[in-house]
2 protein chains.
Amino acid sequence: MVAPGALGVRHPEVDRLRRLLRRRSERSTERAFVLEGPKLLAEALDANAPIEAVFVPEGASVDLRGRDVAVRVLSRGVLERIAGTVTPQPVLAVCPRLDVPLEQIVGTTFVVVCVDLQDPGNAGTVLRSAEAAGADAVVFAGASVDPFNPKAVRASAGSLFHVPVVCEIAVDDTLGRLREAGFHRLGAAVGGTSMYEVDLTGPVALVVGNEAHGLGDEVEVDSTVAVPMVGRTESLNVGMAAAVLCFEVSRQRRGEVGEARGAR
Amino acid sequence: MVAPGALGVRHPEVDRLRRLLRRRSERSTERAFVLEGPKLLAEALDANAPIEAVFVPEGASVDLRGRDVAVRVLSRGVLERIAGTVTPQPVLAVCPRLDVPLEQIVGTTFVVVCVDLQDPGNAGTVLRSAEAAGADAVVFAGASVDPFNPKAVRASAGSLFHVPVVCEIAVDDTLGRLREAGFHRLGAAVGGTSMYEVDLTGPVALVVGNEAHGLGDEVEVDSTVAVPMVGRTESLNVGMAAAVLCFEVSRQRRGEVGEARGAR
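Please read these numbers as outputs of a predicted model, since none were measured by experiment.

Caption draft 1: Inspection of the state of the cysteines at higher detail. Residue and element names in this part refer to chain A. Summed over all chains, the structure comprises 0 disulfides over all chains. The thiol of C246 is not disulfide-bonded; the next cysteine sulfur, from C114, is found 9.1 Å away. For C246, a relative accessible area of 0% puts it in the buried group.

This is the structure we're talking about:
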């Protein structure tokens, strides 16, 4: 039996939900993405992020923290068929994409640029580190994973709502514009200069590469930087290296951080 | 058709493989664990780690890098039925457990202690960070995940073969013995003293807690330490915080690191 007004699996809104979850092209054209689970929804509400609509299964309730958001009810079994994960309190929300144009980060002093970063978990880790260390933005360039991919959204643990994100396809053009904007483009690379010997207090774009191949030779940076390691060079993955590098930027700027953030 | 000598799914050695993959108690009693995939096997061979036997499917070959290791052939379909992951070149190896008694790390100067760390991915991340930052050992205490769990082994990306591991059940006793051994026990906790204001150059045991609950009040440490963050306090997970803290220890010891490692 279907509750009156509950949406079935073939309803156009449900179909859109499914497409937004599965297809990057759809998220791109529709300028929207889906977040899954009560925890991420609470993060979105707390951050006052825009929310188009919330979807809950029949009989479920949802805490919208006083926000006026459209709630749609899904027929029994629908959510399980379209969602990427099953949570104890299943809920989905469609949100407008949050990425901003590259121009908007001109004038800031610390951005992380991912070039061909492919793992959604790593994308989430980079977003979390960037937020925690006080970066002004994260740029996903080239063949990088879509940061609004459901797995990346989950891995970001809400950081997507707190650090501005830029999505750009053309790597050369993106790095060129960052140079013009006054950023020193620092490529994270095994064999780069120790992060302790690089001045990270000026405007810096920390460029991290692909999980398997790192930064290609064709990626134009001004210099390279590395986490000096005692163990094997492969012992940190790109997400961990980005975290350590972001906090070295933050450490070198201590005292200046408050000022830099205040200028935003 | 079964190749002569190929082991079927009911063969006692196959049964043991399956039990070692699935049951912590079995890994504990048998003092052995299983590693999966050619990459980890290569890491084990490179590190000259002891290997009991290697298991490959019928018709497959395996590069043992000149090491004299028993190779057992599995009948078609057996590996898929017992392995945790399917890799393009499937191979399993049974290795003796590598954990050492706590006494063996007395006299070292930098250990990471996990208390009730439950996620195998985080266990792997902690091992990788510890290795990269030059820690002398990682202790898994209390209700922590078994670092020889197949997922933790995979997540460690070979670090298990490079950093000594200690497994202890009793948290109080472990922390007591570390204090007696002269370690300053530093609990990683939100609200702890900034890592930049803590002297990390002496013998230090960095204690990290559970993913959801952190370190309980009953966990006895000498003081607490935190990664100073710009963003929300929840923005780093325990694995990322451990990585950043391990590298702060390493940074403060730069110049002394070579000496400390040489003394092992």
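Resuming the write-up.
Caption draft 2: Layout of the sheet that holds strand β10 (residues 223-226) of chain B. All names here are of chain B. Strand order in the open sheet made by the 6 strands is β7-β6-β5-β9-β8-β10, with parallel pairing throughout. With one partner strand each, in any of the chains shown, β7 (165-168) and β10 form the two edges of the open sheet. Adjacent strand axes in the sheet meet at a mean angle of 30 degrees when their direction is disregarded. Two strands pair when backbone bridges link them, and strand β8 (residues 184-194) and strand β9 (residues 204-208) are joined in this way by 4 bridges, in the parallel orientation. When the sheet's bridge partners are listed, H184 is paired in β9 with V204. Set on the sheet, helix α7 (residues 171-180) makes contact with β5 (110-115), β6 (137-141), β7, β8 and β9; between it and β5 the angle comes to about 165 degrees. Contacting β5, β8, β9 and β10, helix α8 (residues 238-252) runs over the sheet at an angle of about 165 degrees to β9.

Caption draft 3: Just the side chain of B:Q252, in detail. Looking at the secondary structure, you find B:Q252 in helix α8. Excluding anything up to four places from it in sequence, B:Q252 contacts B:M195, B:V198, B:D199, B:L200 and B:T201.

Caption draft 4: Looking closely at the relation of the copies chain A and chain B. Between chain A and chain B, which share one sequence, the superposing operator has a rotation angle of 180 degrees and an axial displacement of 0.0 Å; the RMSD is 0.0 Å. Expressed as a symmetry operation, the mapping of one chain copy onto the other fits a two-fold axis. In terms of C-alpha distance to the rotation axis, chain A has A:V244 as its closest residue, with the C-alpha 2.7 Å off the axis. Counting the interface residues of chain A, we find that 100% of their copies in chain B are interface residues as well, pointing to one common contact surface.

Caption draft 5: Seen up close, the packing of helix α5 (residues 120-133) of chain A against helix α8 (residues 238-252) of chain A. All names here are of chain A. α8 packs onto α5 with a crossing angle of 10 degrees between their chain directions and a minimal axis gap of 9 Å. In terms of orientation, α5 lies roughly parallel with respect to α8. Side by side, α5 and α8 meet where N122, T125, V126, S129, A130, A132 and A133 of the first sit next to V238, G239, A242, A243, C246, F247 and S250 of the second. Looking at the contact of α5 with α8, its residues break down into 9 nonpolar, 5 polar and no charged.

Caption draft 6: Seen up close, the interface of chain A and chain B. Residue-level contacts link 34 residues of chain A with 34 residues of chain B. Interface area, chain A with chain B, both sides summed: about 2600 Å², of which 57% is carbon and sulfur. The interface formed by chain A and chain B contains 6 salt bridges. B:E43 is the salt-bridge partner of A:R232, the closest N and O atoms lying 2.8 Å from each other. At the boundary of chain A with chain B, the tally comes to 12 residue pairs in polar contact (both at pLDDT 80 or more). Of all elements in the fold, only α5, α8 and α9 (257-262) of chain A reach the threshold of two or more residues within the side of chain A that touches chain B. Its residues assigned to classes, the side of chain A that touches chain B comprises 14 nonpolar, 10 polar and 10 charged.

The rules we used
Residues numbered from 1 in each chain as written. Chains lettered and ligands numbered in written order. Predicted model: local features only at pLDDT ≥ 70, side-chain atom pairs only at ≥ 80, totals over all residues. Heavy atoms only, no water. Disulfide = S-S within 2.5 Å. Buried < 20%, exposed > 50% of the residue type's maximum accessible area, 1.4 Å probe, protein only. Pairing = 2+ DSSP bridges. Helix = DSSP H or I, 4+ residues; strand = E, 2+ residues; numbered from the N terminus. Axes fitted to C-alpha atoms, helices over the stretch in contact; angles between N-to-C directions. Contact = heavy atoms within 4.5 Å. Least-squares fit on C-alpha atoms with pLDDT ≥ 70 in both. Parallel < 35°, antiparallel > 145°, perpendicular 65-115°, else oblique. Nonpolar A, V, L, I, M, F, W, Y, C, P; charged D, E, K, R; others polar. Buried area = accessible area lost by both parts, 1.4 Å probe. Salt bridge = Lys/Arg side-chain N within 4 Å of Asp/Glu carboxyl O. Polar contact = N/O pair within 3.5 Å; in protein donor to acceptor, adjacent residues only side chain to side chain.

That is the geometry; function is a separate question.
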